[in-house]
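The lines below spell out each chain.
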Amino acid sequence: MNTFKLQDCQKTTIKNICASFKNDPGELINILHKTQGEFGYLPEDVQREVALNLNIPVAQVYGVVTFYSFFTMKPKGKHAISVCLGTACYVRGADKLVDELKEQLKIKVGEVTPDGKFSLDCLRCVGACGLAPVLLIGDKVYGRVDPEQITEILESYE
Amino acid sequence: MSNYKMHILVCGGTGCRASQSHEIVEVFKAELKAHNLENDAQVVTTGCFGFCEKGPIVKIIPDNTFYTQVTPSDCTEIVLEHILKGRKVNRLLYEDPKTQSHVEDSKHMDFYKKQLRIALRNCGFIDPENIHEYIARDGYAALGKVLSEMTASSAIDEIKKSGLRGRGGGGFPTGLKWEIASKFKSDQKYVVCNADEGDPGAFMDRSILEGDPHSVIEAMAICGYCIGATKGLVYIRAEYPLAITRLKIAIEQARNFGLLGNDIMGSGFSFDIELRYGAGAFVCGEETALIHSMEGKRGEPTVKPPYPAEKGYLGKPTNVNNVETFASIPVIILKGSEWFASIGTERSKGTKVFALAGKINNVGLIEVPMGITLREIIYEIGGGIKDGKKFKAVQTGGPSGGCLTEKHLDTPIDYDNLTAAGSMMGSGGMIVMDEDDCMVSVAKFYLDFSVEESCGKCSPCRIGNKRLHEMLEKITSGKGTVEDLDYLQNLSKVIKDTALCGLGQTSPNPVLSTLEHFYEEYLIHVKERRCPAGRCKELRLYSINPDLCTGCTACTKACPVGAIEGEKRQPHIIHEEKCIRCGACYAKCKFTAINVQ
């Protein structure tokens, strides 16, 4: 995972983000949100750089990154697929959507397809329970999805 | 300023937006412009109407016409017929499933008849991004009243007398909580709004923040005045981008109007609010964990006492309340505690918002007086079970709650009755299940959640829940024994007694409650190795219907373990002892000749 090496301009980006929160360790979560928004994920080197700027141990940053499910240390696919596994979606068959996606994409939950096109994740409740079962691709919400529609939905992403 | 004769309210909640409601707004605006009606009718994007099942919703005021499942292409017709000529578009009206007639006025819909909207009073009525609309509905009048006419202690008294209890799950009396926080002396105190709605299948807090953010801001300021705090913080899930945007707009508007900031309304009282984002951790709904998370740390709970009222955020006295609790405050101040206390049951006052979901006809957000029965909620407001199936259970309280069954249908719903029935009020998720749902699998689903979300700090929750989950896995895959059921029960009780925080202590509830109410179903799983609901994949029995089988051999090729035999063009058979219940044959058969039991 240490293939990611920060360039000077990226270091500056992190420095600016931290500075915009006055380098306050109390703002660590907000800083990580912004940083992940910039880089797409939080690899080790990025975490190191954040720790350096805030003058706190890397372990503390790593502890926070791994604690919260919103932060990821792996890059996502070009189109990030998330299946809602909230209770409402679960009782309306969201697990069948996960099975179908796993089968078609030939990856497990939390993985990215070899071509980097799709990644598959589960999340807990987007709050669109009226449309259950729900899946998201990027920001687009697909409601009342039937496993048979999966092929068609995937094909619409080029 | 125009005097509009009509208002077109379009739901801008997350559910309806997912079905293109923002496009509907744009088309309406364009159509009104094209027909020179811009000064007659106004398009308003509101918060959630609650009737998510039939979204996107469009409501026309003043006649309360309620259009369901509107698409952008319906807008022209609505403008031409309804707005221009005053004729309702019948095909888009809500159709009462019982009488099969169109309901013209939303007040007459079964879904709304039994509801009483206090916390949701403005949701689906005002534009949440416009402070004027909130003020027009008596917004910030409660804050004005408190600042000009009431002392902190008289305001706290009013809340105490109203009987309002915390709506986030615990049900602790809100007035008492404020009183305790007000008594600690400190140079700085904090008011925190817990908007970390982690319960899967619950979305009431999000809907309030999306539909009526000012009510929460106003209540936080009132709370600040009462306990002596000048700073407020909203801890909100990063997964709720729309709620965050609207809250930010609302805070900015309140500042510009002098309703937040220094010397509010010339009273000398100062209060301001900041946002803190969660990052996806269920345990952060627990107040001590939430406070650690706000400080930029891992959201792990700590032992109480000291309670946050004494030592909370940055070690200062902190009062934490949930979104829905706050949203009820301004109305109580304005209408008085007696009015509020007249609603509900003896020990649970007022109303509760529930997110009704699952196998029910009218999925949506409802607010009902405490003491209403489950039967009224499911069969009247909810319109009954989907596809005419049989009701089995309703799960309340999310991963910390339990199931209510047929025998609880007529129990009045309040904090104490739900606890006595082995469930809990929780934040208000209400998931309805029918005969096709396997209760063992449901318990496993919740345990799966608790295992994943356990912060790992205490061993009963970290290890105990994992063991519980393994047991359930064993049972649902047909390897369980009767002894396992006792083991499940014992371990659940140990976790309940020994876990550190509220979430750990309640995590075995789904297991205990399903064991209590559906013991038979567990027994069938372990004794007969059968899942009556047919949900547990590994307990399914596959057989071939000889009348439909053409002997095409597709299933024989699909079977990974060679459990299917038969001559070409002759009916095949499945050897049960070899079958691993993978379902590959079922998926491949083109003649629906494979039966699943």
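This report concerns the structure included in the present document. (Residues numbered from 1 in each chain as written. Chains lettered and ligands numbered in written order. Predicted model: local features only at pLDDT ≥ 70, side-chain atom pairs only at ≥ 80, totals over all residues. Heavy atoms only, no water.)

For the structure on display, the rule yields 17 aromatic pairs over all chains. Ring centres of Tyr90 of chain A and Phe445 of chain B lie 4.2 Å apart, and the angle between their planes is 20°; this geometry places the pair in the stacked category. Of this pair, Tyr90 of chain A sits in helix H5 (residues 87–91) while Phe445 of chain B sits in helix H17 (residues 439–453), placing the two residues on different chains. By relative accessible area, which is 10% here, Tyr90 of chain A ends up buried. Taken together, the ring pairs connect Phe49, Phe51, Phe66, Tyr94, Phe111 and Tyr112 of chain B into an aromatic cluster. Lying across the ring of Tyr240 of chain B, Arg206 of chain B places its NZ or CZ 5.7 Å from the centre. Looking at Arg237 of chain B, its charged tip hangs above the ring of Tyr240 of chain B, at a distance of 5.0 Å from the centre. (Phe/Tyr/Trp six-rings, centres within 6.5 Å; stacked < 30°, edge-to-face > 60°. Helix = DSSP H or I, 4+ residues; strand = E, 2+ residues; numbered from the N terminus. Buried < 20%, exposed > 50% of the residue type's maximum accessible area, 1.4 Å probe, protein only. Lys NZ or Arg CZ within 6 Å of the ring centre and 35° of its normal.)

Going from Ile61 of chain B to Pro62 of chain B, the amide bond is cis rather than trans, its omega being 15°. As for its position among the elements, Pro62 of chain B is in the loop between strand S3 (58–61) and strand S4 (65–67). Cis geometry marks the peptide bond from Lys304 of chain B to Pro305 of chain B, where omega comes out at -5°. Relative to the helices and strands, Pro305 of chain B is located in the loop between helix H12 (287–294) and strand S10 (318–322). The phi torsion at Asn23 of chain A lies on the positive side, around 50°, for a residue other than glycine. With respect to the secondary-structure elements, Asn23 of chain A resides in the loop between helix H1 (8–20) and helix H2 (28–39). You will see that Arg529 of chain B, though not glycine, has its phi angle at about 50°, which is positive. Among the secondary structure elements, Arg529 of chain B is positioned in the loop between helix H22 (519–528) and strand S16 (542–544). The exposure class assigned to Arg529 of chain B is partly exposed, which follows from its relative accessible area of 38%.

Attention now moves to the interface of chain A and chain B. Across the boundary between the two partners, chain A contributes 36 residues, which contact 53 residues of chain B. Between chain A and chain B, the buried area comes to about 3300 Å², and carbon and sulfur atoms account for 54% of it. Across the contact surface, chain A and chain B share five salt bridges. In this structure, the salt-bridge partner of Asp95 of chain A is Arg535 of chain B, at a minimum N-O distance of 3.4 Å. At the junction of chain A and chain B, the tally comes to 17 residue pairs in polar contact (both at pLDDT 80 or more). (Contact = heavy atoms within 4.5 Å. Buried area = accessible area lost by both parts, 1.4 Å probe. Salt bridge = Lys/Arg side-chain N within 4 Å of Asp/Glu carboxyl O. Polar contact = N/O pair within 3.5 Å; in protein donor to acceptor, adjacent residues only side chain to side chain.)

Residue position: Ser69 of chain A is located in the loop between helix H4 (58–67) and strand S1 (79–84). Since its relative accessible area comes to 54%, Ser69 of chain A is described here as exposed. Ser69 of chain A sits 64 residues away from Lys5 of chain A along the chain, and the two C-alpha atoms are 24 Å apart. A polar contact of 2.9 Å, which involves the side chain of Ser69 of chain A, links it to the backbone oxygen of Gly280 of chain B.

Keep in mind these numbers describe shape, not what the thing actually does.
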